[in-house]
Amino acid sequence: MNQGDARLLDAFCDALWLEDGLSRNTISSYRADLEQLARRKELLEVGEADLFGFLASRRGRASSLARLVSSLKRFYRYCVRERRIPADPTLKLDPPKRAPRFPSTLSEPDVEALLAAPKVSTALGLRDRAMLETLYATGLRVSELVRLKTFEVNLDAGVLRVMGKGSKERLVPLGEEAVEWIARYVKERKGAAGEERKGAADALFLTTRGAGMTRQAFWHLIRRYGARAIPGKKLSPHVLRHAFATHLINHGADLRVVQLLLGHADISTTQIYTHVARERLKALHAKHHPRG
């Protein structure tokens, strides 16, 4: 890559940061894409045929190729705006179509088996049951679950207050089962060693050392219970979040309601679950229609 292209990329990346507020990782990815193109031909000399050839030479997931097309389009729009080139060579470039990605989830019997896995006769088992019940009842992100404070949970009203992405607060119903398990856990943990440790007193779910749980610790915890209760199925905290949304829709919940409960800023994010509603309608039709 020549010095002229290097300076041009510097200016382009500065514009991405100043004008669009893109993250450092995204800007680095864009630059890496364009540097690969610059090794083939000077950037300002690239034409439409060069771009199609460049894309054809790249192999990878559709998501990576889609980002590559985005990098090229952004860069050459910038070059046109700055009058470095007379026309945009990316006008006929379209990002590859991605196959629809449906989140893996669990059946209701799977979830019941997972919830019953902890040995609630022990202090840790009781904590783990309360955490799993809370996660399934609310669909929280794992980061939201482990950050929960005792004062954010109102057991009398059966709701909890969550500070989600973008510092957006939402109220989420708990349900009777989760309320019962949290209440039992909170009652029985009192007096446990380390509970009064400074800095952790406000955390709802504590480790044996009296500190707040971490995302990594809970991730290992749920995988361990999953291997015991539903072997052969990949499990993570996010899978239980997907189960929460899927089972709500299976039982007739509106997509907008699920959006609010999950804390999605945009309904388009929640629409990955519309396939669940369609499959449910098809199953009902097949079962009840005389020609199903």
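Heads up: these notes are all about the structure in this document. Keep in mind it's a predicted model, so treat the numbers as computed, not measured. (Residues numbered from 1 in each chain as written. Predicted model: local features only at pLDDT ≥ 70, side-chain atom pairs only at ≥ 80, totals over all residues. Heavy atoms only, no water.)

What about the overall build of the protein chain?
Link 1 in the chain: If you tally the helices and strands in the protein chain, you get 13 helices and 3 strands.
Link 2 in the chain: When the accessible surface of the protein chain is split by element, carbon and sulfur atoms take 51% of a total near 17,200 Å². (Helix = DSSP H or I, 4+ residues; strand = E, 2+ residues; numbered from the N terminus. Areas by Shrake-Rupley, 256 points an atom, 1.4 Å probe, with all protein chains shown as cover.)

A closer look at the packing of helix H5 (residues 108-115) against helix H10 (residues 237-250)
Link 1 in the chain: Interhelical geometry of H5 versus H10 gives an angle of 135 degrees and a closest axis separation of 11 Å. With respect to H10, the element H5 is oriented oblique. As for how H5 packs across H10, the hand of that crossing is left-handed. Note on element contacts: H10 touches H5 through Leu240, Ala243 and His247, opposite Glu108, Val111 and Leu114.
Link 2 in the chain: Tallied by class, the residues present in the contact of H5 with H10 amount to 4 nonpolar, 1 polar and 1 charged. (Axes fitted to C-alpha atoms, helices over the stretch in contact; angles between N-to-C directions. Parallel < 35°, antiparallel > 145°, perpendicular 65-115°, else oblique. Left-handed = near helix turned anticlockwise from the far one by under 90°. Contact = heavy atoms within 4.5 Å. Nonpolar A, V, L, I, M, F, W, Y, C, P; charged D, E, K, R; others polar.)

Digging into unusual backbone geometry
Link 1 in the chain: For Arg83, which is not glycine, the phi dihedral falls at a positive 60 degrees.
Link 2 in the chain: Position of Arg83 among the secondary structure elements: in the loop between helix H4 (62-81) and H5.
Link 3 in the chain: On the basis of relative accessibility, which here comes to 77%, the residue Arg83 falls in the exposed class. (Buried < 20%, exposed > 50% of the residue type's maximum accessible area, 1.4 Å probe, protein only.)

So, a negative patch on the surface
Link 1 in the chain: On the surface, Glu108, Glu112, Glu176, Glu177 and Glu180 cluster together into a negatively charged patch.
Link 2 in the chain: Among the elements of the structure, H5 and helix H8 (176-189) are those that each provide at least two residues to the negative patch.
Link 3 in the chain: With 3 residues, H8 is the largest single contributor of residues to the negative patch.
Link 4 in the chain: The exposure class assigned to Glu112 is exposed, which follows from its relative accessible area of 52%. (Patch = residues over 30% accessible without salt bridge, like charges linked within 9 Å, V, L, I, M, F, W, Y side chains within 5 Å. Salt bridge = Lys/Arg side-chain N within 4 Å of Asp/Glu carboxyl O. Lys, Arg positive; Asp, Glu negative; His and termini not counted. Charge placed at Lys NZ, Arg CZ, Asp CG, Glu CD.)

Brief notes about the packing of aromatic side chains
Link 1 in the chain: This model, assessed by the stated rule, comprises 4 aromatic pairs.
Link 2 in the chain: Aromatic side chains Phe12 and Phe75 sit 5.2 Å apart centroid to centroid with 85 degrees between the ring planes, which places their arrangement in the edge-to-face category. Taken together, the residues Phe12 in helix H1 (residues 3-20) and Phe75 in helix H4 connect sequence positions 63 residues apart. With respect to burial, Phe12 and Phe75 carry one shared label: buried.
Link 3 in the chain: Pairwise contacts between aromatic rings join Phe12, Phe75, Tyr76 and Tyr78 into one cluster.
Link 4 in the chain: One cation-aromatic arrangement involves Arg224 over Tyr225; the distance from NZ or CZ to the ring centre is 5.3 Å. (Phe/Tyr/Trp six-rings, centres within 6.5 Å; stacked < 30°, edge-to-face > 60°. Lys NZ or Arg CZ within 6 Å of the ring centre and 35° of its normal.)

Overview of helix H2 (residues 24-38)
Residues spaced three or four apart along an α-helix face the same direction, because each turn holds 3.6 residues.
Link 1 in the chain: Taking 1.5 Å of rise per residue, the 15 residues of H2 would be expected to cover 21 Å, and the 21 Å separating its terminal C-alpha atoms lies within 8% of that figure.
Link 2 in the chain: Residues of H2 that are buried include every one of Ile27, Tyr30, Asp33, Leu34, Leu37 and Ala38, and no others. One side of H2 holds all its buried residues, which, seen down the axis, span an arc of 145 degrees. Set apart from the buried face of H2 by more than 90 degrees, the exposed residues are Arg24 and Asn25. (Expected span 1.5 Å × (residues − 1). Arc of directions from axis to C-beta.)

Some details on the pattern of salt bridges
Link 1 in the chain: A complete count under the given rule lists 11 salt bridges for this structure.
Link 2 in the chain: With its nearest N and O atoms 2.4 Å apart, the salt bridge here joins Asp110 to Lys233. Here Asp110, found in helix H5, pairs with Lys233, found in the loop between helix H9 (215-229) and H10; they are 123 residues apart in sequence, far enough to count as distant.
Link 3 in the chain: Close ionic contact of Arg127 with Asp128 constitutes a salt bridge, the shortest N to O distance being 2.8 Å. When sorted by exposure, Arg127 lands in the same class as Asp128, which is buried.

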